[in-house]
Amino acid sequence: YTTLLGNARANAILIAAANGKPGDVILLEMQASACGLDDHGTGSGSSGNYGPAEDDLTVYEATKVAVANGFVVVAAAGNGNVNLDDDDTCGEKYNRVLRDSGAIVVGAG
């Protein structure tokens, strides 16, 4: 968070990269509404249709920049119970052959 930019996630990633050194880890403990789905979720106990913050193109691009400069980026997969591998839901947005930020995306087991 900055006074000028507010909650600018991509900017925060770039600031971390600018102030770190290659080999440092940038942890993204954030999520976003995934795959164009609303954030209300479905089913009992649902917490929303959340996925990795890189669903936002600016976060994806900032992550790519950090990884390209030698940073290890670890990103939360989100708590939304969204299957990122499902082409019917997400298209090919998370197909790592076609679009790969280089982040290590992790989910709960």
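Only a predicted model underlies this, so the values are computations on that prediction, with no experimental measurement involved.

Visitor: How do you make sense of the overall build of the protein chain when you look at a structure like this?
Guide: Counting its secondary structure elements, the protein chain contains three helices and five strands. Along the chain direction, N to C, the helices and strands of the protein chain fall in the order α-β-β-β-α-β-α-β. Expressed as a percentage of the 109 residues in the protein chain, the buried residues total 34%. Considering only contacts in the protein chain between residues 6 or more positions apart, those separated by 24 or more positions represent 66%. With the model as given, the accessible surface of the protein chain reaches about 6,500 Å², and the carbon-plus-sulfur share is 50%.

Visitor: What exactly am I supposed to notice about helix α1 (residues 9-19) here?
Guide: Note: α-helices contain 3.6 residues per turn, so residues at a spacing of three or four share the same orientation. Residues of α1 that are buried include every one of Ala-10, Ile-13 and Ala-17, and no others. Taken end-on, α1 shows its buried residues confined to a sector of 60°, consistent with a single buried face. Residues of α1 that are exposed and angled more than 90 degrees away from the buried face: Ala-18 and Asn-19. In this structure, the buried side of α1 is in contact with β1 (25-28) and α2 (57-68).

Visitor: Where do I start with unusual backbone geometry in this structure?
Guide: Negative phi characterises most residues that are not glycine, and trans characterises most peptide bonds. Non-glycine residue Cys-35 carries a positive phi angle of around 60°. One can find Cys-35 in the loop between β2 (31-33) and β3 (50-52).

Visitor: For this particular structure, what's the right way to read the state of the cysteines?
Guide: Disulfides are covalent bonds that link the sulfur atoms of two cysteine residues. Taken as a whole and assessed by the stated rule, the structure comprises one disulfide. Residue Cys-35 pairs covalently with Cys-90 via a disulfide, S to S 1.9 Å. Judged by the sign of its S-S torsion, about 85°, the bond between Cys-35 and Cys-90 is right-handed. Taken together, the residues span a long stretch of sequence, with Cys-35 in the loop between β2 and β3 and Cys-90 in helix α3 (residues 87-90) at a distance of 55 residues. The pair formed by Cys-35 and Cys-90 is uniform in burial state, with each residue classed as buried.

Visitor: Which parts of the structure should I look at to understand the side chain of Ser-101?
Guide: Residue position: Ser-101 is located in the loop between α3 and β5 (104-106). We classify Ser-101 as buried; its relative accessible area is 3%. One polar contact links the side chain of Ser-101 to the main-chain amide nitrogen of Ala-103, over a distance of 3.1 Å. Filtering out sequence-adjacent residues up to four positions away, Ser-101 remains in contact with Glu-54, Tyr-60, Thr-63, Lys-64, Val-67 and Arg-96.

Visitor: Would you mind showing me how to read the environment of Asp-24 here?
Guide: Position of Asp-24 relative to the elements: it lies in the loop between α1 and β1. A residue is classified by how much of its surface remains accessible, and Asp-24, at 26% relative accessible area, is partly exposed. A sequence separation of 49 residues divides Asp-24 from Val-73, and the C-alpha atoms of the two residues are 8.6 Å apart. Setting aside residues up to four positions removed in sequence, Asp-24 forms contacts with Phe-71 and Val-72. Separated by 2.9 Å, the side chain of Asp-24 and the backbone nitrogen of Lys-21 make a polar contact.

Procedures and definitions
- Residues numbered from 1 in each chain as written.
- Predicted model: local features only at pLDDT ≥ 70, side-chain atom pairs only at ≥ 80, totals over all residues.
- Heavy atoms only, no water.
- Helix = DSSP H or I, 4+ residues; strand = E, 2+ residues; numbered from the N terminus.
- Buried < 20%, exposed > 50% of the residue type's maximum accessible area, 1.4 Å probe, protein only.
- Contact = heavy atoms within 4.5 Å.
- Areas by Shrake-Rupley, 256 points an atom, 1.4 Å probe, with all protein chains shown as cover.
- Arc of directions from axis to C-beta.
- Disulfide = S-S within 2.5 Å.
- Polar contact = N/O pair within 3.5 Å; in protein donor to acceptor, adjacent residues only side chain to side chain.

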